[in-house]
Amino acid sequence: MVDVVNVRGVSKEFQIHHERHQSLKERLLHPRSGTTELFHALRNIDFSVAQGETVGVVGQNGSGKSTLLKCICGVLKPTSGEIRVRGSLAALLELGAGFQTELSGRDNVYLYGAMLGFSRRMVDAIFDAVVDFSEIEQFIDTQVKFYSSGMYVRLAFAVAVNVDPDILVVDEVLAVGDERFQAKCVERIRRFQQEGRTILLVTHNADQVRALCERAIVLNGGVLIADGPTHESLRTFREHLMGGAVEHERDRLHDSVRIEAVSSASGSFEVRSGGGVTFEVIVNSALAFSGHLVLELFTRAGLLVSRSDAQGSPIDLRPGRNVIVVDLNRVPLLDGVYDLNVGVVDHHGHTVVAWSDAVAAIQVSYGGRESGIVALGATIRQS
Ligand SMILES: Nc1ncnc2c1ncn2[C@@H]1O[C@H](COP(=O)(O)OP(=O)(O)OP(=O)(O)O)[C@@H](O)[C@H]1O
Ligand SMILES: [Mg+2]
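Residues numbered from 1 in each chain as written. Chains lettered and ligands numbered in written order. Predicted model: local features only at pLDDT ≥ 70, side-chain atom pairs only at ≥ 80, totals over all residues. Heavy atoms only, no water.

K.L.:
Hey, could you run me through the nonpolar core in this one?
P.N.:
It is characteristic of soluble globular proteins that their nonpolar side chains tend to be buried jointly. Counting residues in each nonpolar core, the largest one holds 49 residues, and the members touching the most others are Leu92, Leu155, Phe157 and Leu168. Here this core takes 10 residues from helix 5 (residues 149-162), the largest share from any one element. Each residue touching Leu168, except ones within four places of it in the same chain, is listed here: Ala90, Leu92, Ala160, Val161, Phe192, Thr198, Ile199 and Leu200. If you look at the next biggest cluster of nonpolar residues, it comprises 29 residues, including Phe289, Leu333, Val342 and Val364. (Core = buried A, V, L, I, M, F, W, Y, C linked by side-chain atoms within 4.5 Å. Buried < 20%, exposed > 50% of the residue type's maximum accessible area, 1.4 Å probe, protein only. Helix = DSSP H or I, 4+ residues; strand = E, 2+ residues; numbered from the N terminus. Contact = heavy atoms within 4.5 Å.)

K.L.:
Explain the sheet that holds strand 1 (residues 3-18) to me, please; I cannot follow it from the model alone.
P.N.:
Think of a sheet as strands paired side by side through backbone hydrogen bonds, with each pair either parallel or antiparallel. The strand order across the open sheet built from 3 strands is 2-1-4, with neighbouring strands paired in antiparallel fashion. Bordering the open sheet on either side are strand 2 (35-50) and strand 4 (80-85), each of which pairs with just one other strand. With strand direction ignored, the average angle separating the axes of adjacent strands in the sheet is 25°. Relative to strand 2, strand 1 runs antiparallel, the two being bridged by 12 bridges. Counterpart to Phe14 in the pairing with strand 2 is Phe39. (Pairing = 2+ DSSP bridges. Axes fitted to C-alpha atoms, helices over the stretch in contact; angles between N-to-C directions.)

K.L.:
Explanation requested: the domain arrangement of the protein in the structure shown.
P.N.:
Size of an interface: often given as the accessible area lost when the parts come together. What the domain assignment reports for the protein is domain 1 (3-236) and domain 2 (246-365). Spacing between the C-alpha centres of domain 1 and domain 2 amounts to 34 Å. Listed by partner, the interface residues are 5 residues for domain 1 and 8 residues for domain 2. Taken together, domain 1 and domain 2 are joined by 1 salt bridge. (Domains from an automatic or database assignment. Salt bridge = Lys/Arg side-chain N within 4 Å of Asp/Glu carboxyl O.)

K.L.:
Explain helix 6 (residues 179-194) to me, please; I cannot follow it from the model alone.
P.N.:
In an α-helix, one full turn covers 3.6 residues, which means residues spaced three or four apart are oriented alike. Taking 1.5 Å per residue, 16 residues should reach 22 Å; helix 6 reaches 23 Å between its end C-alpha atoms and fits that length. Positioned one or two residues after helix 6, Gly196 has a phi angle of 80°, which is positive. (Expected span 1.5 Å × (residues − 1).)

K.L.:
For this particular structure, what's the right way to read the pairing of strand 17 (residues 336-346)?
P.N.:
Every other side chain in a regular strand lies on the same face of the sheet, so the side chains alternate between the two faces. Most of strand 17 sits out of view: 9 of its 11 residues are buried. Relative to strand 18 (residues 352-365), strand 17 runs antiparallel, the two being bridged by 9 bridges. Looking at the pairing, Val345 lines up with Val352 of strand 18. Counting the residues that bridge the hairpin from strand 17 to strand 18 gives 5 residues, and of these Gly349 lies at a positive phi of roughly 75°.

K.L.:
Just to check I follow, could you spell out helix 3 (residues 105-115) for this structure?
P.N.:
All of the buried residues in helix 3 are Gly105, Asn108, Val109, Tyr110, Tyr112 and Gly113. Elements that come into contact with the buried residues of helix 3 comprise strand 5 (89-92), helix 4 (120-134) and helix 5. Of the residues trailing helix 3, Gly117 is marked for its positive phi of about 90°.

K.L.:
Hey, could you run me through the packing of aromatic side chains in this one?
P.N.:
What characterises a pair of aromatic rings is the spacing of the ring centres plus the angle enclosed by the ring planes. This structure, assessed with the given rule, holds 5 aromatic pairs. Ring geometry for Phe99 against Tyr152: centres 4.9 Å apart, planes inclined by 50°, an arrangement best described as tilted. Placement of the pair is Phe99 in the loop between strand 5 and helix 3 and Tyr152 in helix 5, with a sequence separation of 53 residues. Residue Phe99 shares its accessibility class with Tyr152, and that shared class is buried. Pairing Phe133 with Phe181 gives two aromatic rings, centres 5.8 Å apart and planes at 75°, and the pair type is edge-to-face. Taken together, the residues span a long stretch of sequence, with Phe133 in helix 4 and Phe181 in helix 6 at a distance of 48 residues. Site record: aromatic cluster; members linked through ring pairs are Phe133, Phe157 and Phe181. A cation sits over an aromatic face here: Arg120 above Tyr110, 4.1 Å from the ring centre. (Phe/Tyr/Trp six-rings, centres within 6.5 Å; stacked < 30°, edge-to-face > 60°. Lys NZ or Arg CZ within 6 Å of the ring centre and 35° of its normal.)

K.L.:
I tried to follow the sheet that holds strand 9 (residues 223-229) on my own but got confused; where do I start?
P.N.:
With respect to topology, 6 strands assemble into an open sheet ordered 5-6-7-3-8-9, the strand pairing being mixed. Edge strands, defined here as strands with exactly one partner in the open sheet, are strand 5 and strand 9. Sheet twist, expressed as the mean angle between neighbouring strand axes with direction ignored, is 15°. Here strand 3 (residues 54-58) pairs with strand 7 (residues 198-202) via 4 bridges, running parallel. By the bridge assignment for strand 7, Val57 is matched with Val202. Strands in contact with helix 5 are strand 5 and strand 6 (167-171); relative to strand 5, the strand with the most contacts, it is inclined by about 170°. Taken strand by strand, helix 8 (residues 230-241) contacts strand 3, strand 8 (215-220) and strand 9, and its axis lies near 145° from that of strand 9.

And the structure:
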């Protein structure tokens, strides 16, 4: 396969200026004081993307994801290293990057087209499709500065997918659209995949990475710490969030513990808000092992509702089949479906020994009028 994106030894440094003197008097006395510090946003990044691949880019806030994408798109110039891109590239960068906010949506579509080398006539030819996809026809002649962030993303995505790019780069923005529009974007991305186009996708939504990417890279403090099959990269990422894997533990335990099933006695995972649900986690182990069981609950939009303490639920696995009973005594959630992930970690809570995503969908029903995710159940009185 041909590499269409090739990133070699790329580092990016930013100069950050710190003001040393705080008071106005001191600032007047020492106008050029303060220190300048070099901040390493990316350190020696190496990876390449083959034609037709969809690669997810994950990492915590500030880990360098957007900086990396901007370097690939040519919006930023790396301090050192080299980036090669073959083919046409369309990008949806962070909100705010790309559009001229004083201009109308219509003018921005033409401007963006021109940036990608499209003539006016070529943009004319796709204009209706762009507006149609964005569903913001009513506002197409409004200045972009009056757009809501959702409208902005709709238009930007509509342009990016209609200019027929070989490579599509998407930074986060999918999360901004409402659920229906997100689904439409995901469907469009899938079509792109079928057409053999290449996609780079930054998202904080692990489900989305799992659903769309066969491969993912993980950035941590500007360093690339994982590059491989999505589930392995996400596991490394999760271990980092929990404090970092202990290498020898991971090697020793590799594939010896497996989560076989999660089942509820009643056969269902339906629960009334404020009520409880009990279920069993069946864990198969090849050896005797002491660790902890970890639970995660996510909304369907990929928001983490809760991750249990990775050192809070000790379990002693025996070789063979182990049944662990979990009681969620009081589920304080509002109406909705929540995906449950279950994992086993070592006794430090650092190394993921076994993990299973979306093992059960917990369905919460709620009859009241509170809205959101959590039932606060406030008691309000007038004193
Ligand atoms: N123009 C800039 N000048 C100085 N520092 C910058 C600049 N752009 C980014 N940085 C810094 O580089 C680091 C990486 O930023 P980046 O936006 O790439 O993170 P990110 O992984 O995209 O985070 P998020 O998940 O919040 O979008 C941050 O610490 C940020 O403050
Ligand atoms: Mg970012």
